Amino acid sequence: MHDFPIWQLGPLQIDVATWIALLVSVIVTFVVARLAVRNLSVDNPSKMQNFLEWAVDFVHNLIGSAMPLNRVKPFMSLGLTLIMFIFISNLLGLPFGIVTEPHHEIESLGITKEMLEHGHVALAWWKSPTADISVTAGLAVIVFVIVHFLGLKQNKKHYLKHYFQPYPIFFPINLIETISKPVTLALRLYANIFAGEVLISTILMIGWYGTPFLIAWQGFSLFVGAIQAFLFTMLTMVYISQAAIHDEAEHH
Amino acid sequence: MGWHWESTVIAMVAFGILYWLLSKYAFGPLFSIMEQRRQLVLEQMNTAESSRKQAEANMAEQKAALDQARKDAYDIIEQARTTSTKQADDIVQTAKTEATRLKDDALKDIESEKNKAIAALRTEVGGISVKIASKIIEKQIDEKSQEQLVNQYLKEVGSK
């Protein structure tokens, strides 16, 4: 398998491929969104505007399925940013890869003489940011913070009470549930995308014969990328809804 | 491949920046446009509703006016019919009265003429009688003359 270049910058270990991927993802997402809203029009929307409006409607319905419709509005931007950023990130690693094979030791990237002597070293410079557990963990941390911040701020009594439901003895189980939510969120996204990329590089090893498989798998990865983006956004909204939205009609 | 907390931090920072940028420069304007469109559609629907109501009101008004006109026309015809009937009756009545009056006048005329004739005849007969009497008294002397007188008188009457 490929190694990833790690740049030692003082005490920091910078995963260059991840940083590049994150930067590209952010830029692409922002450019797509900006292109879509370039010539905004009420009665004559452009194709891109139509597309983004479709995305807005889609996310609106998605959030609306997790919480009452009148509470959806504040989370629209979050949901849209999540789904667009994750979808584009998931696709980023699919079309190509950049691999270099250093033949000298490069101290700043962590290539040592032992590694070169040990055998073949390949550095991958291009990948999906979401194929990195550190990145998906970052996203999950953001979701975790938002969920519990909103829970404490908007719904304190019920939020705190739910840790001791249905009986106080359930507290440890509820705690595990609370912790497992962001962990599964991060791991699910990472594992799906990373597995997709691993399989792509594995198929590439077959050579020319692998082309049909590669096409099929790229198509499927597109699908997986969309599903994972959808799922991440959906679960985020469900968690927010569970923690922060207390529907008076449901409980008595 | 390993865990790098630097990546986690930069991912959070990148996502935060992206969220802020998108909210400010993409979704904010887009949401406001969509809201504007919603308002526009709402407004147009309201306008359509009100113009529909207006049209309905106009329709009802016209229908009422038409009904009124029809009723008026009927009334006018009815009135004309009553007037004409009454007028015909009047004319007939007047004619009848006139005829009766004329007949009565004629009868009265006849009666008065008759009475006049009778009176005239009576006066004449009286006069003649007086004349006869005076003639008798005048010519009592002889039978001959008397006979002559009667003949003369008879002749006189016969020639009248």
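Residues numbered from 1 in each chain as written. Chains lettered and ligands numbered in written order. Predicted model: local features only at pLDDT ≥ 70, side-chain atom pairs only at ≥ 80, totals over all residues.

A. Representation of the overall build of chain A. The helix and strand tally for chain A stands at 8 helices and 4 strands. Counting helices and strands in the order they occur from the N terminus, chain A gives β-β-α-α-α-β-α-β-α-α-α-α. Along the first, second and third principal axes, the C-alpha atoms of chain A reach 70 × 55 × 40 Å. Residue pairs in contact within chain A that sit at least 24 positions apart in sequence constitute 73% of those at least 6 positions apart. (Helix = DSSP H or I, 4+ residues; strand = E, 2+ residues; numbered from the N terminus. Contact = placed C-beta atoms within 7 Å.)

B. The arrangement of the nonpolar core in detail. The biggest cluster of nonpolar side chains holds 56 residues, and the ones touching the most others in it are Ala33, Ile83, Ile86 and Ala186 of chain A. Looking at this core, the elements that each hand over two or more residues are helix H1 (16-36), helix H2 (47-64), helix H3 (76-92), helix H5 (133-154), helix H7 (171-206) and helix H8 (211-244) of chain A together with helix H1 (5-138) of chain B. Of all the elements, H3 of chain A adds the most residues to this core, at 11 residues. Here Ala186 of chain A is in contact with Ile133, Thr136, Ala137, Leu139 and Ala140 of chain A, once residues within four sequence places are set aside. (Core = buried A, V, L, I, M, F, W, Y, C linked by C-beta atoms within 7 Å. Buried ≥ 20, exposed ≤ 12 C-beta atoms within 10 Å, placed from the backbone.)

C. Highlighting the UniProt feature "transmembrane region" (unreviewed entry) in chain A. With numbering aligned to this structure, UniProt lists the feature "transmembrane region" (unreviewed entry) at residues 16-37, 75-98, 133-152, 189-209 and 215-240 of chain A. The distance from the first to the last C-alpha atom of residues 75-98 of chain A is 37 Å, and the span holds 71% helix and 0% strand. (UniProt positions renumbered as here; feature names shortened; annotations may be inferred.)

D. Up close: the interface of chain B and chain A. Taken together, the contact pairs 29 residues of chain B with 35 residues of chain A. When the residues that make up the side of chain B that touches chain A are grouped by side-chain class, the tally is 22 nonpolar, 5 polar and 2 charged. (Nonpolar A, V, L, I, M, F, W, Y, C, P; charged D, E, K, R; others polar.)

E. Quick peek at the UniProt feature "transmembrane region" (unreviewed entry) in chain B. The positions UniProt marks with the feature "transmembrane region" (unreviewed entry) are residues 6-27 of chain B. From the first C-alpha to the last, residues 6-27 of chain B spans 29 Å; its make-up is 100% helix and 0% strand.

F. How the structure looks around the confidence of the model for chain B. Taken over all residues, the pLDDT of chain B has a mean of 89, while the share at 70 or more is 95%. For this predicted complex, the interface confidence score (ipTM) comes to 0.85, while the overall pTM stands at 0.72. (pLDDT = per-residue confidence, 0-100.)

G. Summary view of the UniProt feature "coiled-coil region" (unreviewed entry) in chain B. UniProt marks residues 38-72 of chain B with the feature "coiled-coil region" (unreviewed entry), using the numbering shown here. Across residues 38-72 of chain B one finds 100% helix and 0% strand; the C-alpha atoms that close the span lie 51 Å apart.

H. Broad picture of the environment of Ser201 of chain A. Residues and elements named next belong to chain A. Mapped onto the secondary structure, Ser201 falls in helix H7. In this structure, the C-alpha to C-alpha distance between Ser201 and Leu214, residues 13 residues apart in sequence, is 9.3 Å. Each residue touching Ser201, except ones within four places of it in the same chain, is listed here: His2 and Gly97.

I. Fine view of the packing of H5 of chain A against H1 of chain B. It is at 7 Å that the axes of H5 of chain A and H1 of chain B come closest, and there the two elements cross at 50 degrees. With respect to H1 of chain B, the element H5 of chain A is oriented oblique. Along this stretch, H5 of chain A crosses H1 of chain B, giving a crossing that reads as right-handed. Residues Ser134, Val135, Ala137, Gly138, Leu139, Val141 and Ile142 of chain A of H5 of chain A form the contact with H1 of chain B, whose participating residues are Trp5, Ser7, Thr8, Ala11, Met12 and Phe15 of chain B. In the contact of H5 of chain A with H1 of chain B, the residues fall into 9 nonpolar, 4 polar and no charged. (Axes fitted to C-alpha atoms, helices over the stretch in contact; angles between N-to-C directions. Parallel < 35°, antiparallel > 145°, perpendicular 65-115°, else oblique. Left-handed = near helix turned anticlockwise from the far one by under 90°.)

J. Structural context of the pairing of strand S2 (residues 12-15) of chain A. Residue and element names in this part refer to chain A. Two strands pair when backbone bridges link them, and strand S1 (residues 6-9) and S2 are joined in this way by 4 bridges, in the antiparallel orientation. Residue pairing for S2: Trp7 is matched across the bridge by Ile14. Where S1 folds back onto S2 in an antiparallel hairpin, the turn is made up of 2 residues, including Gly10, whose phi is positive at roughly 60 degrees. (Pairing = 2+ DSSP bridges.)

K. Structural view of the packing of H5 of chain A against H8 of chain A. Residues and elements named next belong to chain A. Where H5 contacts H8, the two axes come as close as 8 Å, and the packing angle between them is 25 degrees. When the interaxial angle is binned, H5 and H8 end up roughly parallel. At the point where H5 passes H8, the crossing takes the right-handed sense. When H5 is examined against H8, the residues Val143, Ile146, Val147, His148, Leu150, Gly151 and Gln154 are found in contact with a partner set consisting of Thr236, Tyr239, Ile240, Ala243 and Ala244. The class makeup of the residues in the contact of H5 with H8 is 8 nonpolar, 4 polar and no charged.

L. Looking closely at H5 of chain A. If you check H5 of chain A, its first and last C-alpha atoms are 31 Å apart, about what 22 residues at 1.5 Å a residue would give, namely 32 Å. Those residues of H5 of chain A that sit buried are Ile133, Ser134, Val135, Thr136, Ala137, Gly138, Leu139, Ala140, Val143, Phe144, Val147 and Gly151 of chain A. Next to the buried residues of H5 of chain A lie H1, helix H6 (156-161), H7 and H8 of chain A together with H1 of chain B. (Expected span 1.5 Å × (residues − 1).)

M. Looking closely at the environment of His60 of chain A. Structurally, His60 of chain A can be placed in helix H2. For the pair formed by His60 of chain A and Asp15 of chain A, sequence separation is 45 residues and the distance between their alpha carbons is 35 Å.

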